[in-house]
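These are the residues of each chain, in order.
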Amino acid sequence: MTHISITGGYDKKLPWIKKIVSSLQKLFVCAPKKISVIVAPDRNRMETMLHRSLMSWEVAVTKQQTIFILDPLTANHPGITSHNFNTLLHHELVHVFYNTLIPEGVPYWLNEGLAYNLARQKFKTFSSVNIAMQALKYYARFDPALYRYGPAMSALLIQYNSLPLLIKKLTIFSRASHRPREFQKIFLDLFKKLPTDLRP
């Protein structure tokens, strides 16, 4: 059983968090030993906890099984409010499960993409299928240029592979993350399930 904790006086969120965690456990077929949610009152405090500076847009960060998130009531940041707090927390919980399966968290674009899709956040779709396919040609594990395409690419793979199948492949990623050729072979296998005119 996963032990879950949250700071900042947000104990009332625990039942909701446990519900999300339960659904993610079924989907990812794994259970982190513990999940810690640390609610920081402001950016300065969060940077101190993380031992690094935050990008201007960052309001939440997940490191393995620990989530750092700004308090919407005190942080005074436009990126986090009482209305989107649950959605952002759901997003970060997906990262926790992804990181449990693949400690390296790679490929980053898929890690971020699944979080967007499972938390049902809005993201930009591709204006042209060709753009999406050009992006999908790159199987690199570490490629910042692909990060912004993550949500749309993940949605495409989910659409043509099914979410359970994609998650199942993650367990193979964990064994192949340091073997580039095998890593690329896994992606090619996923892409084969796309319609002929959509393959990279």
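That block above? That's the structure.
All figures in this text were calculated on a predicted structure; none of them were measured in a lab.

So, how was this worked out
Residues numbered from 1 in each chain as written. Predicted model: local features only at pLDDT ≥ 70, side-chain atom pairs only at ≥ 80, totals over all residues. Heavy atoms only, no water. Helix = DSSP H or I, 4+ residues; strand = E, 2+ residues; numbered from the N terminus. Buried < 20%, exposed > 50% of the residue type's maximum accessible area, 1.4 Å probe, protein only. Contact = heavy atoms within 4.5 Å. Areas by Shrake-Rupley, 256 points an atom, 1.4 Å probe, with all protein chains shown as cover. Pairing = 2+ DSSP bridges. Right-handed = clockwise from strand over helix to strand, strands pointing away. Axes fitted to C-alpha atoms, helices over the stretch in contact; angles between N-to-C directions. Parallel < 35°, antiparallel > 145°, perpendicular 65-115°, else oblique. Left-handed = near helix turned anticlockwise from the far one by under 90°. Salt bridge = Lys/Arg side-chain N within 4 Å of Asp/Glu carboxyl O. Nonpolar A, V, L, I, M, F, W, Y, C, P; charged D, E, K, R; others polar. Polar contact = N/O pair within 3.5 Å; in protein donor to acceptor, adjacent residues only side chain to side chain.

Chemist: Outline the overall build of the protein, listing residues and values.
Modeler: Scanning the protein for helices and strands turns up nine helices and four strands. If you list the helices and strands of the protein from N to C, you get β-α-β-α-β-β-α-α-α-α-α-α-α. Counting the 200 residues in the protein, one finds 48% classified as buried. Of the contacts made within the protein by residues no fewer than 6 positions apart, 64% connect residues no fewer than 24 positions apart. As displayed, the protein offers around 10900 Å² of accessible surface, 55% of which is attributable to carbon and sulfur atoms.

Chemist: Describe the pairing of strand β2 (residues 34-40), with residues and values.
Modeler: Regular strands place their side chains on alternate faces of the sheet. Among the seven residues of β2, five are classified as buried, and the element is accordingly described as predominantly covered. In the sheet, strand β1 (residues 3-6) pairs with β2 via four bridges, with the strands oriented parallel. Along β2, the bridge assignment pairs I6 with V37. The parallel pair β1 and β2 is bridged by helix α1 (residues 14-28), and the resulting crossover is left-handed. Pairing geometry for β2 and strand β4 (residues 66-70), over five bridges, is parallel. Across the sheet, residue A40 finds its bridge partner in β4, namely L70.

Chemist: Go over the packing of helix α3 (residues 85-101) against helix α4 (residues 108-118), please, and point to the residues and values.
Modeler: Closest axis-to-axis distance for the α3/α4 pair is 8 Å, and the angle between their directions is 135°. As the angle between them shows, α3 and α4 are arranged oblique. The chirality of how α3 crosses α4 is right-handed. Counting all contacts with α3, which are made through H90, H91, V94, H95, Y98 and N99, the residues of α4 involved are L110, N111, E112, L114, A115, Y116 and L118.

Chemist: Quick one: what's the story with the pattern of salt bridges, residue by residue and with numbers?
Modeler: Inspection of every chain in the model, using the stated rule, returns one salt bridge. In this structure, the salt-bridge partner of R52 is E58, at a minimum N-O distance of 2.9 Å. According to the relative accessible area criterion, R52 is partly exposed, its value standing at 35%. The class for E58 is buried, based on a relative accessible area of 9%.

Chemist: Explain the packing of α1 against α3 residue by residue, including any values.
Modeler: Where α1 meets α3, the closest approach of the two axes is 10 Å, and the angle between their N-to-C directions is 35°. For α1 against α3, the interelement crossing comes out right-handed. Every residue of α3 that contacts α1 at W16, I17, I20, V21, L24, Q25 and F28 is listed here: N86, L89, H90, L93, V94, F97, Y98 and L101. Of the residues belonging to the contact of α1 with α3, the class tally is twelve nonpolar, three polar and no charged.

Chemist: Go over the side chain of H95, please, and point to the residues and values.
Modeler: Relative to the elements of secondary structure, H95 occurs in helix α3. For H95, a relative accessible area of 9% gives the class buried. Of note is the side chain of H95, whose polar atom sits 3.0 Å from the side chain of H91. Excluding residues within four positions of it along the chain, H95 makes contact with T62, N111, E112 and A115.

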